[in-house]
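Secondary and tertiary structure notes
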Amino acid sequence: MNIKMPDFDMKKFVKGAGSTLSRVVQLTEEKLGTSEKTEMDARFEHLSERSDSAKLWTEKIMRDTEAALIPNPANRMEDFIFEKIEKQKPKRLSNLEYLGLDMIEGGGEFGQDGPYGSALIKVGQAEQKLGSCERDFIGSAGVCYIQPLKKFLEGEMKTITKEKGVLESKRLDLDACKNRVRKARSMIGQQAKDGISPEVTLEQAERDLRVAQSEFDRQAEITKLLLEGISTTQATHLRYLHSFVEAQVRYYGQCNKIMSDLQRELVSMRPPTPRLRVNSEDVDLTCGPPYLSKFQTQDSSQHYQQTITLHPAALAASAGKPPVSISPETYPIVDDSVIAALVADSDPNDISVL
């Protein structure tokens, strides 16, 4: 049985290994300060710094946006894995939708005809609507903002990073060739070693230098053109940002409408009769005796005095406090202020007007 071995270019492998070794030596010498380094022009350095800054801040903004839309890091990781494998994110209920479901089920258990049960159902339905709006907002924000930023990082920025790496390799090759030329020139006038003429060595080194210089210049031009294109991407990213803000405006507008409608429904479901809570006991203020009685008396100064007396059950709830007399000039009608004054000596945490 004949097994065909893959083609292997030993000469190319040796040449690549030699170039890698030469770059490592050159980089080490630069770190030690024993070798010169070719510097790029100021324009190129400025473009390179802007590119690095654009990459850094785009990555931060994209991560922060993802965290704001999906606060749970486990969910973000799950979405990432599913996007890589299934090419789509998993479908899951939001926390608001889970809350809405439990409220609706709880309202049914408490009794949908009762005030609390019916209110729970109404609020649960609103929470479900909020959760649906939130899911739609997350999807639209991902399409109009996060995905374009991710595409920019995985496309243009990845290409720029790769070309900058190639340019750095070409720069190391160029500086290594310059060092070999300097060493070859220093050998001129000295005795040739091993029968090799110094002039031949210098000629070869200069030829390698010209080739390395040409490759470096070509790669520098390619990289510079890519870096200059970064400035045009900001206008595109600005459009993405406007789309993201518009999606937020729609989302919060929908949420505001849902909650405003819910608030109106809850107000319409509230019992119309005013009630007084004294020490956790509800007292109906409109039924008259035996809950509440009031009468007026006239003193010697011809001033009418209105007296409001709570039923003994309410007095017992308020720790047996005596009736309170209030002048009609100060409080001509019985309002919340009068009711509060009736139990002024009670614990404020146990008094509320519903």
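Described below are features of the structure shown in this document. Predicted model, so just to flag it, every value in this text is computed and none were measured.

**What to know about the environment of Glu203**
Relative to the helices and strands, Glu203 resides in helix α6 (residues 198-228). By relative accessible area, which is 45% here, Glu203 ends up partly exposed. Linking Glu203 and Val181, residues 22 residues apart in sequence, is a C-alpha distance of 8.6 Å.

**Thoughts on the packing of helix α5 (residues 115-187) against helix α7 (residues 230-269)**
Contact geometry for α5 and α7: axes closest at 10 Å, N-to-C directions at 180°. On the basis of their axis angle, the class for α5 and α7 is roughly antiparallel. Partitioning the contact of α5 with α7 into residue classes produces 27 nonpolar, seven polar and five charged.

**What about the environment of Ser169?**
Inspection of the secondary structure assignment puts Ser169 in helix α5. Since its relative accessible area comes to 24%, Ser169 is described here as partly exposed. Counting along the chain gives 146 residues from Ser169 to Arg23, while the straight-line C-alpha distance between them is 7.2 Å.

**Notes on the pattern of salt bridges**
Considering all chains together, one arrives at 12 salt bridges under this definition. A salt bridge links Glu215 to Lys170, with the nearest nitrogen and oxygen atoms 3.2 Å apart. Placement of the pair is Glu215 in helix α6 and Lys170 in helix α5, with a sequence separation of 45 residues. On the basis of relative accessibility, which here comes to 28%, the residue Glu215 falls in the partly exposed class. The exposure class assigned to Lys170 is partly exposed, which follows from its relative accessible area of 22%. Among the ionic pairs, Arg264 bridges to Asp261, the shortest N-O distance being 2.2 Å.

Each value, and the rule that gives it
Residues numbered from 1 in each chain as written. Predicted model: local features only at pLDDT ≥ 70, side-chain atom pairs only at ≥ 80, totals over all residues. Heavy atoms only, no water. Helix = DSSP H or I, 4+ residues; strand = E, 2+ residues; numbered from the N terminus. Buried < 20%, exposed > 50% of the residue type's maximum accessible area, 1.4 Å probe, protein only. Axes fitted to C-alpha atoms, helices over the stretch in contact; angles between N-to-C directions. Parallel < 35°, antiparallel > 145°, perpendicular 65-115°, else oblique. Nonpolar A, V, L, I, M, F, W, Y, C, P; charged D, E, K, R; others polar. Salt bridge = Lys/Arg side-chain N within 4 Å of Asp/Glu carboxyl O.

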